Amino acid sequence: MKKPSLKSLSIVEFLKQEPRREARIAAAPAAPMPPMESYVANRLCAALHPARQFVKVTEVIERGENVRSYRLVADPARGTESLAYFSAGQYLSVSLKVGNATLTRPYSISSSPKEALQGWYELTVKRAPHGLASNYILDNWAVGTEVEVSAPEGQFTYEPLRDAPTVVGIAGGSGITPFVSFAKAVADGDEDFNLELLYGCTHEKDILFRKELDEIAAKCPRVHVTYVLSADNAEDCEEGHLSAERIRAHAPEGEYSVFICGSQGLYRYLDTQLPLLGLRRKFIRRELFGEYRNPSADEGYVAPKEDTCRVTVLLRGETYTLTAPVEDTLLVSIEKQGIPAPAKCRSGECGWCRARLVSGEVYIPASVDGRKLADHDYGYIHPCCTFPLGDVVLEISAK
Ligand code: FES
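Numbering of residues begins from 1 in every chain and follows the order in which that chain's sequence is written. Residue-level local features of this predicted model are given only where pLDDT is at least 70; pairs of side-chain atoms are given and counted only at 80 or more, and the full residue set underlies all totals for whole chains, interfaces and linings. No hydrogens and no water enter the side-chain calculation; it runs on all heavy atoms of the structure.

Participant: When you look at the sheet that holds strand S4 (residues 101-108) in this model, what are you seeing that I'm missing?
Facilitator: Strands were regarded as paired on the criterion that DSSP finds at least two bridges between them. Helix numbers and strand numbers start at the N terminus; a helix is a DSSP run of H or I with at least 4 residues, a strand a run of E with at least 2. Judged by pairing direction, the sheet is antiparallel, and its six strands sit side by side in the order S4-S3-S6-S1-S2-S5 without closing on themselves. Edge positions in the open sheet fall to S4 and strand S5 (120-126), since each of these has one partner strand only. Across the sheet, the axes of successive neighbouring strands diverge by a mean angle of 40 degrees, strand direction being ignored. Alignment of strand S1 (residues 53-64) against strand S2 (residues 67-74), held across eight bridges, turns out to be antiparallel. Pairing of Val57 across the sheet is with Leu72, part of S2. Axis definition: a line fitted to C-alpha atoms, over the contacting stretch in the case of helices. Angles run 0 to 180 degrees between N-to-C directions.

Below, the structure written as structure tokens:
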């Protein structure tokens with residue numbers, strides 16, 4: 001590579017540029033700048049990364065007991081002409097108004113990137129005992145419901161320069177949704193890897209997308225699916241758990257990546273199993289899904305004496321004060337008050353909820369602390385995975 005000359009580094013030479021630059025500016029036509037959207041790169045950027053997308057439910061598909069898929073199309077009447085493209089494995093952050101609370105929730109896209117080009121996304125939602133957002137969707141969304149979602153987000157995607165040519169996918173329950181998208185994308189030729197999917201459920205009746213997955217596996221030799229039941233036995237299913245032994249039995253010779261999506265219980269179990277496989281760290285990828293719960297179960301967590309504390313929130317020039325349970329994340333407490341706080345992944349990963357901790361003590365579980373080093377050093381936190389240990393003052397970065 002050519003070394004920069006000393007002349008080019010000289011401040012004197014640099015200053016000589018200024019009159020030349022001024023002369024060029026003076027000679028430039030006086031016509032106003034073309035609008036930003038007239039540039040192809042800007043239009044492409046806006047199409048791929050819209051700040052928000054307005055969509056409408058056009059179809060509701062029953063997937064099983066208390067599980068439904070919703071097909072969403074662009075809603076031009078509210079300003080969204082077409083859907084943003086995505087990579088298999090990404091999610092949409094759905095905005096909801098539930099009673100007084102303003103919520104966002106991430107849902108993996110279970111349709112394929114090719115289907116987004118054809119005009120739709122599909123989100124799949126399962127009822128949960130305390131699933132405020134999921135239960136709201138299941139009880140309220142129908143054909144014609146208008147919905148606001150984010151652009152596709154998330155890092156749970158296949159990267160050929162980082163990941164191995166074979167992915168062993170480990171899905172638990174409704175954590176199958178991104179793998180349905182992966183399987184379709186591999187079959188469509190939009191992803192170039194082999195997918196060896198281990199799908200764990202409690203009972204056979206809990207298996208979602210079985211017909212779709214079996215059809216893909218039958219026509220695409222790069223996709224293979226094994227159903228693993230922990231409390232049932234059924235034809236064409238294995239019995240047991242998603243153990244290291246089972247992963248090894250299905251994995252190829254040599255290197256492979258492991259992609260995981262499921263409950264926090266599955267993640268904790270795999271924390272005991274994956275070290276037995278001796279995989280390189282970069283080959284273990286997990287979808288960070290949902291809120292961190294029950295911090296008092298963590299080793300090293302010292303619960304505050306009081307069950308609640310006072311949280312003061314500074315956001316967009318307003319000051320809010322609320323009483324927050326110490327077992328809820330700061331974001332959950334803020335949302336319950338109807339304060340429109342920014343959030344996307346709710347798992348500590350994306351940084352969208354970033355806030356400055358003005359004062360107070362907090363607990364951040366190490367496993368979900370996705371802050372940049374500088375944020376860590378300068379006192380910024382992600383309220384979606386931070387628990388108060390006493391009275392706290394926060395300044396949320398407005399979006
Ligand atoms: S919402 Fe993504 S880090 Fe908090």
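Participant: Help me understand the packing of aromatic side chains, please; the structure alone is not making it clear to me.
Facilitator: The description of an aromatic ring pair rests on the distance of the ring centres and on the angle between the ring planes. Pairing of aromatic rings covers Phe, Tyr and Trp, the last counted by its six-membered ring, and requires centre-to-centre distances within 6.5 Å; plane angles under 30 degrees mean stacked, over 60 mean edge-to-face, and any other angle means tilted. Here the structure, examined in full by the defined rule, presents 13 aromatic pairs. A ring pair is formed by Tyr70 and Trp141, whose centres lie 5.3 Å apart and whose planes are at 80 degrees; its orientation type is edge-to-face. Separated by 71 residues along the polypeptide, Tyr70 in strand S2 and Trp141 in the loop between helix H5 (132-140) and strand S6 (146-149) bring together distant segments of the chain. Assigned by exposure class, Tyr70 and Trp141 land together as buried. A centroid spacing of 5.3 Å and a plane angle of 45 degrees characterise the contact between Phe156 and Phe259, whose relative ring orientation is tilted. One end of the pair, Phe156, is in the loop between S6 and strand S7 (166-172); the other, Phe259, is in strand S11 (residues 257-261), and 103 residues separate them in sequence. In terms of burial, Phe156 and Phe259 fall into one category: buried. An aromatic cluster is built from Phe156, Tyr158, Phe179, Phe182, Phe193 and Phe259, whose rings are joined through pairwise contacts. Throughout this description, buried means an accessible area under 20% of the type-specific maximum (1.4 Å probe, protein chains only), exposed means over 50%, and partly exposed covers the range between.

Participant: Would you explain the layout of surface pockets in this entry?
Facilitator: Unoccupied space between atoms shows up once a probe the size of one water molecule is rolled over them. Put simply, the grid is 1 Å and covers the protein atoms alone, a cavity is a trapped set of points that fit a 1.4 Å probe, a pocket is an open set with protein on both sides within 12 Å along at least five of seven lines, and lining residues have an atom within 4 Å of a point. Grid points are joined across faces, edges and corners, and a volume is the space filled by probe spheres set on the points. Approximately 800 Å³ is the volume found for the second largest pocket. Around the second largest pocket, the lining comprises 21 residues; the ones closest to its centre are Arg286, Leu288, Ser367, Val368 and Asp369. Those elements giving two or more residues to the lining of the second largest pocket turn out to be helix H9 (264-273) and strand S12 (284-286). Broken down by element, the residue count for the lining of the second largest pocket peaks at four residues, all from H9. Asp, Glu, Lys and Arg are counted as charged, while Ala, Val, Leu, Ile, Met, Phe, Trp, Tyr, Cys and Pro are counted as nonpolar; the rest, among them Gly, fall into the polar class. Classifying every residue of the lining of the second largest pocket by side-chain character gives six nonpolar, seven polar and eight charged. Where each domain starts and ends follows an automatic or database-derived domain assignment. Each of domain 2 (166-286) and domain 3 (295-396) gives at least three residues to the lining of the second largest pocket.

Participant: Before we go on, may I ask you to explain the domain arrangement of the chain in this structure?
Facilitator: A common measure of how large an interface is: the accessible area buried when the components associate. Each assigned domain of the chain is listed here: domain 1 (47-149), domain 2 (166-286) and domain 3 (295-396). Computed over C-alpha atoms only, the centres of domain 1 and domain 2 are separated by 24 Å. Domain 1 puts 19 residues into the contact, and the matching count from domain 2 is 15 residues. For any pair of parts, buried area is found by adding up, for both, the accessible area (1.4 Å probe) each one loses once the two are put together. The junction of domain 1 with domain 2 conceals about 1300 Å² of combined surface from both sides, 57% of it contributed by carbon and sulfur atoms. Definition used for salt bridges: Asp or Glu carboxyl oxygen within 4 Å of a side-chain nitrogen of Lys or Arg. In this structure, the salt-bridge partner of Lys184 is Glu115, at a minimum N-O distance of 3.4 Å. Each polar contact in these results corresponds to two N or O atoms within 3.5 Å; when the atoms are within protein, one needs to be able to donate a hydrogen and the other to accept it, and residues that are neighboring in sequence are counted only if both atoms are side-chain atoms. Connecting domain 1 to domain 2 are three residue pairs in polar contact (both at pLDDT 80 or more). Among the secondary structure elements, those contributing two or more residues to the side of domain 1 that touches domain 2 are S2, helix H4 (113-118) and S5. The residue makeup of the side of domain 1 that touches domain 2, split by class, is six nonpolar, seven polar and six charged. Only heavy atoms matter for contacts: two residues are in contact if any of them lie within 4.5 Å across the pair.

Participant: Looking at this structure, how should I read the environment of Glu245?
Facilitator: Its place among the elements puts Glu245 in helix H8 (residues 244-250). Judged by its relative accessible area of 64%, Glu245 is exposed. Separated by 29 residues in the primary sequence, Glu245 and Leu274 place their C-alpha atoms 9.8 Å from one another.

Participant: Could you clarify how one ought to interpret the packing of helix H6 (residues 177-188) against helix H7 (residues 210-219) in this entry?
Facilitator: The relative placement of two packed helices is expressed as an angle between their axes plus a distance between the axes. Contact geometry of H6 with H7 gives a least axis separation of 10 Å together with a crossing angle of 25 degrees. Judged by the inter-axis angle, H6 sits roughly parallel to H7. Crossing hand, H6 versus H7: left-handed. When H6 is examined against H7, the residues Val180, Ala183, Lys184 and Ala187 are found in contact with a partner set consisting of Leu213, Ile216 and Lys219. Counted by class, the contact of H6 with H7 contains five nonpolar, no polar and two charged residues. Any angle from 65 to 115 degrees is called roughly perpendicular, while one under 35 is roughly parallel, one over 145 is roughly antiparallel, and all others are oblique. Crossing chirality is assigned from the near helix's rotation relative to the far helix, an anticlockwise turn below a right angle marking it left-handed and a clockwise turn marking it right-handed.

Participant: Any chance you could explain the sheet that holds strand S10 (residues 237-239) here in plain terms?
Facilitator: The strands making up a sheet associate through backbone hydrogen bonding, with each pair oriented either parallel or antiparallel. With parallel pairing, the six strands of this open sheet are ordered in space as S10-S9-S8-S7-S11-S12. Because the sheet does not close on itself, it has two edges, and the strands there are S10 and S12. Here the strands of the sheet are splayed against their neighbours by 20 degrees on average, with no regard to which way each runs. Sheet topology note: the S11/S12 ladder contains three bridges and is parallel. Bridge pairing in S12 links Val258 to Ile284. Sheet strands touched by H7: strand S8 (194-201), strand S9 (223-229) and S10. Its angle to S9, the strand with the most contacts, is close to 140 degrees. Strands in contact with H9 are S7, S11 and S12; relative to S11, the strand with the most contacts, it is inclined by about 150 degrees.

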